[in-house]
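For reference, the chains in residue letters:
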Amino acid sequence: MMKINMEINDFRINHSRIIEQYQLIEWHLEGIFGLLEQGNFEELTHRVENDTMGELIRKVRFLIKENKLDLINKQDFSILDDIRDDRNFWCHSCFLEVNNNPDKYEEISNRLISNLDKVIQMNDKL
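What this report covers is the structure whose coordinates are included nearby.

Calculation rules
Residues numbered from 1 in each chain as written. Predicted model: local features only at pLDDT ≥ 70, side-chain atom pairs only at ≥ 80, totals over all residues. Heavy atoms only, no water. Helix = DSSP H or I, 4+ residues; strand = E, 2+ residues; numbered from the N terminus. Contact = heavy atoms within 4.5 Å. Lys, Arg positive; Asp, Glu negative; His and termini not counted. Charge placed at Lys NZ, Arg CZ, Asp CG, Glu CD. 1 Å grid on protein atoms, 1.4 Å probe; cavity = no way out; pocket = protein on both sides within 12 Å on 5 of 7 lines; lining within 4 Å. Points joined across faces, edges and corners; volume = space filled by probe spheres on them. Axes fitted to C-alpha atoms, helices over the stretch in contact; angles between N-to-C directions. Parallel < 35°, antiparallel > 145°, perpendicular 65-115°, else oblique. Left-handed = near helix turned anticlockwise from the far one by under 90°. Salt bridge = Lys/Arg side-chain N within 4 Å of Asp/Glu carboxyl O. Phe/Tyr/Trp six-rings, centres within 6.5 Å; stacked < 30°, edge-to-face > 60°. Buried < 20%, exposed > 50% of the residue type's maximum accessible area, 1.4 Å probe, protein only. Nonpolar A, V, L, I, M, F, W, Y, C, P; charged D, E, K, R; others polar.

With that settled, consider the overall build of the protein chain. Scanning the protein chain from N- to C-terminus turns up 6 helices and 0 strands. Beginning at the N terminus, the succession of helices and strands in the protein chain can be written as α-α-α-α-α-α. Long-range pairs, those at least 24 residues apart, make up 72% of the contacts in the protein chain with a sequence separation of at least 6. Counting 16 positive and 24 negative side-chain charges, the protein chain places the centres of these two groups 5 Å from one another.

This next bit is on the environment of Asn110. Position of Asn110 among the secondary structure elements: in helix α6 (residues 105-125). The spatial distance from the C-alpha of Asn110 to the C-alpha of Ile8 is 13 Å, given a sequence separation of 102 residues.

Before going further, it helps to spend a moment on the layout of surface pockets. If you add up the space inside the largest pocket, you get close to 150 Å³. Taken together, Trp27, His28, Glu30, Gly31, Ile32, Phe41, Glu42, Thr45, His46, Glu49 and Leu126 form the lining of the largest pocket. Looking at the lining of the largest pocket, the elements that each hand over two or more residues are α1 (8-36) and α2 (41-48). The element best represented in the lining of the largest pocket is α1, accounting for 5 residues.

Attention now goes to the packing of helix α4 (residues 74-92) against α6. Closest axis-to-axis distance for the α4/α6 pair is 11 Å, and the angle between their directions is 135°. Comparing their axes, α6 and α4 come out oblique. Between α4 and α6 lies a crossing whose hand is left-handed. Between α4 and α6, the residues in contact are Asp76, Ile79, Leu80, Asp82, Ile83, Asp86, Phe89 and Trp90 and Ile108, Arg111, Leu112, Asn115, Lys118, Val119, Met122 and Lys125, respectively.

The subject of this paragraph is the pattern of salt bridges. Following the criterion strictly, the structure yields 10 salt bridges and no others. The partner of Arg87 in a salt bridge is Glu26, and the shortest N-O contact between them spans 3.5 Å. Note that Arg87 is positioned in helix α4 and Glu26 in helix α1, a separation of 61 residues in sequence. Note that Lys59 is salt-bridged to Asp51, the shortest N-O span being 2.5 Å.

The next subject is the packing of aromatic side chains. In the structure shown here, the tally under the stated rule is 4 aromatic pairs. Centroid distance Phe11 to Tyr105: 5.5 Å. Interplanar angle 40°. Geometry classified as tilted. A residue pair is termed long-range when its members are at least 10 positions apart, and Phe11 in helix α1 and Tyr105 in helix α6 qualify at 94 residues. Grouping residues by exposure puts Phe11 and Tyr105 together as buried.

Here we take up the packing of α1 against helix α3 (residues 53-66). When two helices pack together, you describe them by how their axes are tilted relative to each other and by the distance separating the axes. Close contact between α1 and α3 brings their axes to 9 Å; oriented N to C, the two are set at 35°. Relative to α3, the crossing made by α1 is left-handed. Here α1 contributes Tyr22, Ile25, Glu26, Leu29, Glu30, Ile32, Phe33 and Leu36 to the contact with α3, which in turn contributes Met53, Leu56, Ile57, Lys59, Val60, Leu63 and Ile64. Class assignment for the residues of the contact of α1 with α3 results in 12 nonpolar, no polar and 3 charged.

Structure below.
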């Protein structure tokens, strides 16, 4: 893995970018749910807009199987599950980790860039 020497302001910018990507993934999953479930698209997407990412992944996975579609494959769902886990770290504890373990800053910065690349690729696919 390439080492990143990232200033804290760049870290914060990339952190905002990854949060944006997570929101887009959730938005895409809501849209996929709205397209695959029976009913009015607007009502369906509104119904799931407050679901967690994990709930959205579960619902979309069910609808993909139920409709026998190949839009999102098993490997993609595995990546989405990893993204969900990573999202929890970036939303709830990354800055605490950096503050409590400044010696891990470079490792966490590298992880940020790696995770950001992964979510951008998934958003492109969705």
